[in-house]
Amino acid sequence: MNARVVRAGGKVILFGEHGVVYGKPALAAGLATGATAEVEPASAPRLSIEPWGVSIEPVVAGSESFAPHAQLAEAFAALLSAYDTTPALHVRVKMELPSGAGLGGSAALSVAIVRAIDGSLGITRTAAEIAEVAMHAERVFHGNPSGVDTALAAAGGVALYIKGQPLRPVRLARPIQLVIGHSGEPGMTKETVASVARQHSQRPQKVEQIFAGMEAIVNNGKTALEDGDLDKVGQLMELNQKLLLTLMLSTPKLEEMCTAAVKAGALGAKLTGGGGGGCMIALSADVPSAEIVQAALQSLGYKAFVTQVGEGTP
Ligand code: PMV
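Overview of the structure. Just so it is clear, the model here is predicted, and its values are computed rather than measured. Here the residue numbers are simple positions, counted from 1 along each chain's written sequence. In keeping with the predicted nature of the model, local features appear solely for residues at pLDDT of at least 70, side-chain atom pairs appear and are counted solely at 80 or more, and the whole-chain, interface and lining totals rest on all residues. As a rule here, side-chain values cover all heavy atoms of the structure and leave hydrogens and water aside.

1. Quick notes on the packing of helix α5 (residues 189-202) against helix α6 (residues 204-227)
Part 1: Contact geometry of α5 with α6 gives a least axis separation of 5 Å together with a crossing angle of 120°. Considering the angle they form, α5 stands oblique to α6. When α5 is examined against α6, the residues Val-196, Gln-199, His-200, Ser-201 and Gln-202 are found in contact with a partner set consisting of Pro-204, Val-207, Glu-208 and Phe-211.
Part 2: Three classes are used: nonpolar for Ala, Val, Leu, Ile, Met, Phe, Trp, Tyr, Cys and Pro, charged for Asp, Glu, Lys and Arg, and polar for all others, with Gly counted as polar. Taken together, the residues of the contact of α5 with α6 sort by class into four nonpolar, four polar and one charged. Between N-to-C directions, angles cover 0 to 180 degrees, with each direction set by a line fitted to C-alpha atoms, over the stretch in contact for helices. By the criteria applied, helices consist of DSSP H or I runs no shorter than four residues and strands consist of E runs no shorter than two, each listed in order from the N terminus. Here the word oblique covers every angle except those under 35 degrees (roughly parallel), over 145 (roughly antiparallel) and from 65 to 115 (roughly perpendicular). Should any heavy atoms of two residues lie within 4.5 Å, those residues are counted as being in contact.

2. A look at the pairing of strand β6 (residues 158-161)
Part 1: Burial status follows relative accessibility: with a 1.4 Å probe on protein chains alone, a residue under 20% of its type maximum counts as buried, one over 50% as exposed, and anything between as partly exposed. Here β6 shows a buried face lined by Val-158 and Leu-160 and a second buried face lined by Ala-159 and Tyr-161.
Part 2: When DSSP finds two or more bridges between two strands, those strands count as paired. Strand direction decides the pairing type here: strand β2 (residues 26-41) and β6, joined by four bridges, are antiparallel. Looking across to β6, one finds that Ala-29 is bridged to Val-158.
Part 3: Alignment of β6 against strand β7 (residues 168-169), held across two bridges, turns out to be antiparallel. Counted as the bridge partner of Leu-160 is Arg-168 from β7.
Part 4: Linking β6 to β7, which pair antiparallel, is a turn of six residues; within it Gly-164 sits at a positive phi near 80°.

3. A word on the layout of surface pockets
Part 1: Throughout, the protein atoms alone are placed on a 1 Å grid, and a set of points is a cavity if a 1.4 Å probe fits but cannot get out or a pocket if it is open with protein on both sides within 12 Å along at least five of seven lines; lining residues have an atom within 4 Å of a point. Grid points are joined across faces, edges and corners, and a volume is the space filled by probe spheres set on the points. Within this model, the largest pocket holds a volume of roughly 690 Å³.
Part 2: Residue lining of the largest pocket: 39 residues in total, with Gly-100, Ser-106, Phe-141, His-142 and Thr-189 positioned closest to the centre.
Part 3: Sorting elements by how many residues they give to the lining of the largest pocket places α5 first, with four residues.
Part 4: Across the lining of the largest pocket, the residue classes tally to 15 nonpolar, 18 polar and six charged.
Part 5: For the second largest pocket, the calculated volume is near 300 Å³.
Part 6: Forming the walls of the second largest pocket are 16 residues, and the residues nearest its centre are Ala-128, Ala-131, Ala-151, Tyr-161 and Gln-165.
Part 7: For the lining of the second largest pocket, the secondary-structure elements that each account for two or more residues are α3 (127-142) and α4 (148-155).

4. Some points on unusual backbone geometry
Part 1: Here the residue pair Glu-50 and Pro-51 is connected by a cis peptide bond, since its omega of 5° sits within 30 degrees of zero.
Part 2: Turning to its location among the elements, Pro-51 is positioned in the loop between β3 (46-50) and β4 (54-56).
Part 3: Backbone geometry at Met-248 places phi at a positive 60°, although glycine is not the residue there.
Part 4: Following the sequence through the fold, Met-248 ends up in the loop between α7 (230-246) and α8 (252-263).
Part 5: Residue class for Met-248 comes out exposed when judged on its relative accessible area of 60%.

5. Brief notes about the pattern of salt bridges
Part 1: Counted as salt bridges are all cases of a side-chain nitrogen of Lys or Arg within 4 Å of a carboxyl oxygen of Asp or Glu. Enumeration over the complete set of coordinates arrives at eight salt bridges.
Part 2: Here Glu-17 and Lys-270 are joined by a salt bridge, their closest N and O atoms 2.9 Å apart. Pair noted here: Glu-17 is in the loop between β1 (6-15) and β2 and Lys-270 is in strand β9 (residues 268-271), with a separation of 253 residues, a long-range link.

6. Looking at the site of the ligand
Part 1: Nearness is judged by heavy atoms alone; a residue qualifies as near a molecule or strand once a single heavy atom is within 4 Å of it. In the vicinity of the ligand, 18 residues are found, and the nearest of them are Lys-11, Ser-146, Asp-149, Thr-189 and Gly-274.
Part 2: In the analysis that follows, any N or O atom pair within 3.5 Å is treated as a polar contact, provided that within protein one partner can donate a hydrogen and the other can accept it, and provided that, for residues neighboring in sequence, both atoms belong to side chains. At 2.6 Å from an oxygen atom of the ligand is found a side-chain nitrogen or oxygen belonging to Lys-11.
Part 3: Within the contact set of the ligand, an oxygen atom lies 2.5 Å away from a side-chain nitrogen or oxygen of Ser-146.
Part 4: Here the open area of atoms and residues is found with the Shrake-Rupley method and a 1.4 Å probe, where only the protein chains shown may cover a residue. Here the ligand has 380 Å² of accessible area as a free molecule, and 97% of this is covered by the chains.
Part 5: Residue assignment for the shell around the ligand shows that the elements contributing at least two residues are β1, α4 and α5.
Part 6: Grouping the constituent residues of the shell around the ligand by class yields seven nonpolar, eight polar and three charged.

7. Some thoughts on the nonpolar core
Part 1: Within the largest apolar cluster, 39 residues are counted, with the highest numbers of intra-cluster contacts made by Leu-47, Val-91, Val-93 and Ile-113.
Part 2: Element by element, the count of residues in this core is highest for helix α2 (residues 105-121), at nine residues.
Part 3: Not counting chain neighbours up to four residues away, the residues in contact with Ile-113 comprise Ala-37, Leu-47, Phe-76, Leu-79, Val-91 and Val-93. The nonpolar core is taken to be a set of buried Ala, Val, Leu, Ile, Met, Phe, Trp, Tyr and Cys residues, with the residues joined through side-chain atoms within 4.5 Å.

8. Notes on the pairing of β9
Part 1: Along β9, one buried face is formed by Gly-268 and Lys-270 and the opposite face, lined by Ala-269 and Leu-271, is buried too.
Part 2: Where β9 lies against strand β10 (residues 279-284), four bridges are found, and the strand directions are antiparallel. Its bridge partner lying in β10, Gly-268 is registered against Leu-283.

9. Focus on empty space enclosed by the protein
Part 1: Going through the model one piece at a time under the given rule, you end up with one cavity of 30 Å³ or more.
Part 2: There is about 50 Å³ of room inside the largest cavity.
Part 3: Of all elements in the fold, only α1 (70-80), α2 and α3 reach the threshold of two or more residues within the lining of the largest cavity.
Part 4: When grouped by side-chain class, the residues that make up the lining of the largest cavity number nine nonpolar, one polar and no charged.

What follows is the structure, encoded as structure tokens:
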């Protein structure tokens, strides 16, 4: 039995969230932090997650369950259904990211579980195949996920993602410094994705126009990142945030954070992920400038950290 500890990272969406659910591109970057997992033999499958203090058995969807963590239990069952025979393993996960923050925590969790189970069963898969298995759980967590979170959790790096297509790695001119700020409000990905779907069915033309704008931002953002034109990247983040605001995906707190970040010298800022709460990201020219932005967010009472993305991207 292989009790190797495996890991999977979270992600930030630099450009293009929500449009990506409708087949538009998104540009995302893997985070070093995410989740770790290991397995041990057990009489029946079990999933424990720290520091959440959760320990559950899988519960198949549709079975009447009022158990706490029912969604997690259903997601675990969905993941296990991807295996020919249900593996009798106790999967122990350590989460390093908050859940519902828009940082791809649930995808990191799912990918780490798949890696741990695969490792102990001697199954070898490509990153894309791992992401596909992890999607079984993501569908339970998010309803209609585009797959960007699981793809990035499995592959890392910075990449352009289009639903149903292989990830396209993006080579940055140099790594970039981001400040990630947490609004303290839970992210509402399932709800915001559903809200955009309602808006799309009510006013398809208007929403398609917004998505077309996002697509242009993603493509220009990719070029600006490849060229190392950080001012341009920042401007495009600002534009992307305006479009997300138009779709009612931002909140007063996220707006306050984005404004404060830019006032403190960030080149641009936007919410990241599903919105409706969760996290925002701000781009800084260098580490000292990022630390000033971080301090500005912290002085308003928000949790914030500085991270570098794009290092060692292929
Ligand atoms: O909130 P997160 O980290 O799960 O990101 C969601 C990104 C969306 O584009 C809003 C949804 C999706 O499935 O791509």
